[in-house]
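Here is what each chain is made of, one letter per residue.
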Amino acid sequence: MPVGIFRVCLVVITAIVNHPLLFPKENVSVPENTEEIIQKMKEREESLRLEQLRLEQEIADQEAIQKALEKAAEVVEESKEEKVRWDMWTALSMVIFLLIELWRQDFQEGNWQDTGGEEDDMAVLGKAFKGVAFPDKAVLASFYEKRILGTTGDMARMREMVEGFADDLLEALRSVCNRDADMEVEDCMGVGSMYENWRVRKPFVCDLIVPFAPPEPYCFRSQTWCSGDNFPPDEQGYGTIKVCRADEDVTGCICDKTKLGEDMLCLLHSQANNTKPSSQMEDLLCFKNTQYLDANQVMKWFQIAVTKAWNRISHKYEFDLSFSLLDSPGALKIKFRSGKSVAFNLTPVVQYENSDVYFISHFPWSSLAADLPSSTHWFLTFAVYERRFIQLVSKMLPANACHVSCLQILSFLHGKQCSLTGPSGLTNYHLKTVMLHLLQARPTQDWASEKLEARLQDMLKFLEKCLHEKKLYHFFIGNGKVPAELGFPVIFQRAEPLNLFRPFVLRRDVYRKTVDTFHEMLRNMSALINEYTVHIPLAHTNGIRKESL
């Protein structure tokens, strides 16, 4: 009991001693204004609540952005997978299409080659020939002898006169040109129908090409559509000619293809040797600010040079010389005092490497290069090789072969029809191309003189087939069967075939007019031939056949 009382007293005493009001501690004070403290605590609580709301909103925004990014990544991944699938299908479709196209072309070419051996194989064609009365051998022979054969002597005399005058004119041209600055002109060459002996329609026009080269130390470097670079379809058959210094290696050094630093020099070429586009290059007949030969500048230079040359030698001749056509800068006309005239074309060309293929600015005898992509694009002419091929094949054909006769008759009929109904898209060059293809396809014995009628029918049927398909391939380009004796450049044999009828695909109006003219020519063929044929004995006329081809 006493111990318990003692413990209670001890607790009471301890509580009294530690009471804060009786013994306050140091630096401790009792707040005087409790309401102010409570107000501050509420404000602090409110600010903490707002800060919490702001942080929660930021966290929500971040989560939304993260979800959007994840969704976008999923969409991109899906699109990639879909694109990969689409690209695979596109590539597969293109491969299938190319295989079908290659097979179709090979099949057509192989099928055409097969038709060369048998006449009956061409019977599937000739739908336009149904109901057409085709002249027989006697009528064709009489027509050819009286209307066409008599012009051969006139052509020979005209060729001799024009060539002699052209040589004299070019010699005078060389004398008036500056040998150190002007182009160097070479001897002219005769090409075309007058020199292949199949021209029939008057007026006779001789076509002469004149190769030229730049003065030293410059040279021409040419590039064709089949040299490896990508050319658009409308530029196939064309090329460009670059004027370079002879000591400039444009293919072996990269100094003209790579931009060197200011502190770097090419050890092969000094800065003085680099050919820069300048007024000097324009003096070399280049297009403005380029090194590429300009066809328009060349023709202007050539016209001026020919005019100066004629002024120098005009006193030697008793006729006048003038330019006959504004749209054909090389077209010249000799006018005699008697009123007669002789026309000829003198066209400057550039030789392709060491071959007899030439770059030509325009074709005076056809419409093959009517629309040049630009004045720096030059069309390639194979006229020299065409003349050589005809001469080579003629040596292997029977005596008095009918290949030239067929071409002459067809050219006459087409020209006569065009004079009645207006011009068409067909040219004499197209007709000659048909003959060249058939010369290569048919055996030599098929061109005997007594088979004139059959071969003329073949040419008409082949032409009809090409018009129907809108495809007539250039004879030399893409033809791997060109005789090796010609020395024809391999690069053109390996090129893709060039379709001379491509304009018909692009211009339906011209194609329709051409087909209508061809069909009209077939219907009028007998009348046109009989109009220029002398009377044939009745025994021969009874043999005229009216057959469906």
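Preceding this paragraph is the structure being described.
Cut-offs used in this document
Residues numbered from 1 in each chain as written. Predicted model: local features only at pLDDT ≥ 70, side-chain atom pairs only at ≥ 80, totals over all residues. Heavy atoms only, no water. Helix = DSSP H or I, 4+ residues; strand = E, 2+ residues; numbered from the N terminus. Buried < 20%, exposed > 50% of the residue type's maximum accessible area, 1.4 Å probe, protein only. Contact = heavy atoms within 4.5 Å. Patch = residues over 30% accessible without salt bridge, like charges linked within 9 Å, V, L, I, M, F, W, Y side chains within 5 Å. Areas by Shrake-Rupley, 256 points an atom, 1.4 Å probe, with all protein chains shown as cover. Salt bridge = Lys/Arg side-chain N within 4 Å of Asp/Glu carboxyl O. Lys, Arg positive; Asp, Glu negative; His and termini not counted. Charge placed at Lys NZ, Arg CZ, Asp CG, Glu CD. Core = buried A, V, L, I, M, F, W, Y, C linked by side-chain atoms within 4.5 Å. Pairing = 2+ DSSP bridges. Expected span 1.5 Å × (residues − 1). Arc of directions from axis to C-beta. Polar contact = N/O pair within 3.5 Å; in protein donor to acceptor, adjacent residues only side chain to side chain.

**So, the overall build of the chain**
Okay, step 1: A count of helices and strands for the chain gives 15 helices and 10 strands.
Okay, step 2: Considering the chain as a whole, with its 549 residues, one finds that 41% of them fall into the buried category.
Okay, step 3: Of the contacts formed within the chain by residues at least 6 apart in sequence, a portion of 71% connects residues at least 24 apart.

**Quick look at a negative patch on the surface**
Okay, step 1: A cluster of acidic residues, Glu70, Glu74, Glu77 and Glu78, forms a negative patch on the protein surface.
Okay, step 2: Relative to the helices and strands, Glu77 is located in helix H2 (residues 34-115).
Okay, step 3: Judged by its relative accessible area of 44%, Glu77 is partly exposed.

**A look at the nonpolar core**
One broad trend across soluble globular proteins is that nonpolar side chains are buried collectively.
Okay, step 1: Of all hydrophobic cores here, the largest spans 112 residues; its most connected members are Leu169, Leu293, Phe344 and Leu346.
Okay, step 2: Residues within four places of Phe344 in sequence aside, it is in contact with Val162, Phe165, Val205, Cys206, Leu208, Leu321, Gly330, Ala331, Leu332 and Ile334.
Okay, step 3: Counting residues in hydrophobic clusters, the runner-up holds nine residues, among them Tyr238, Tyr358, Ala383 and Val384.

**Digging into unusual backbone geometry**
Okay, step 1: The omega angle of the peptide bond from Lys202 to Pro203 is 5°, so this bond is cis rather than trans.
Okay, step 2: Tracing the chain through its elements places Pro203 in the loop between helix H5 (193-196) and strand S3 (205-213).
Okay, step 3: For the bond from Glu216 to Pro217, the omega torsion is 10°, close enough to zero to count as cis.
Okay, step 4: Inspection of the secondary structure puts Pro217 in the loop between S3 and strand S4 (218-224).
Okay, step 5: Within the chain, Glu353 stands out as a residue other than glycine whose phi angle is a positive 50°.
Okay, step 6: A residue is classified by how much of its surface remains accessible, and Glu353, at 54% relative accessible area, is exposed.
Okay, step 7: Here the phi dihedral of Lys470 falls at roughly 55°; this positive angle occurs in a residue that is not glycine.
Okay, step 8: Here Lys470 shows up in the loop between helix H11 (452-469) and helix H12 (490-493).

**Considering the pairing of strand S10 (residues 378-381)**
Okay, step 1: Both faces of S10 are covered, namely the face carrying Trp378 and Leu380 and the face carrying Phe379 and Thr381.
Okay, step 2: Taken together, the two bridges between strand S5 (residues 238-245) and S10 define a ladder with antiparallel strand orientation. Residue pairing across strands places Tyr238 opposite Phe379, the latter belonging to S10.
Okay, step 3: In terms of strand pairing, strand S9 (residues 358-360) meets S10 through three bridges, oriented antiparallel. Pairing of Phe359 across the sheet is with Leu380, part of S10.

**Considerations on a nonpolar patch on the surface**
Okay, step 1: Together, Trp89, Leu92, Ile96 and Ile100 make up an exposed nonpolar region whose accessible area comes to about 440 Å².
Okay, step 2: Looking at the secondary structure, you find Trp89 in helix H2.
Okay, step 3: When its relative accessible area of 60% is taken as the criterion, Trp89 is described as exposed.

**Quick notes on the pattern of salt bridges**
Okay, step 1: Here the structure, examined in full by the defined rule, presents 18 salt bridges.
Okay, step 2: Its salt-bridge partner being Arg174, residue Glu171 comes within 3.0 Å of it at the nearest N-O pair. Of the two residues, Glu171 and Arg174 both sit in helix H4 (residues 152-176), three residues apart, roughly one turn of that helix.
Okay, step 3: Arg174 gets classed as buried once you look at its relative accessible area, which sits at 18%.
Okay, step 4: Here Lys432 ties to Glu196 by a salt bridge, and the two come within 3.2 Å at their closest N and O atoms. Placement of Lys432 in helix H10 (residues 428-441) and of Glu196 in helix H5 is noted, with a sequence separation of 236 residues between them.
Okay, step 5: Via salt bridges that share partners, Arg442, Asp446, Lys451, Arg455 and Asp458 belong to a single interconnected network.

**A closer look at the environment of Gln297**
Okay, step 1: Looking at the element boundaries, Gln297 is found in helix H7 (residues 295-313).
Okay, step 2: Looking at Gln297, the relative accessible area reads 31%, which means it is partly exposed.
Okay, step 3: The contacts of Gln297, once residues within four sequence positions are left out, are Leu285 and Cys286.

**What about H7?**
Okay, step 1: Between its first and last C-alpha, H7 extends 27 Å over 19 residues, near the 27 Å set by a 1.5 Å rise per residue.
Okay, step 2: Buried within H7 are the following residues: Ala295, Val298, Met299, Trp301, Phe302, Ala305, Val306, Ala309, Trp310 and Ile313. Seen from one end, H7 has its buried residues packed into an arc of 165°, which puts them on one side. Residues of H7 that are exposed and point more than 90 degrees away from the buried face comprise Lys300 and Asn311.
Okay, step 3: Structurally, the start of H7 carries an N-cap: the backbone nitrogen of Asn296 is 2.9 Å from a side-chain oxygen of Asp294.

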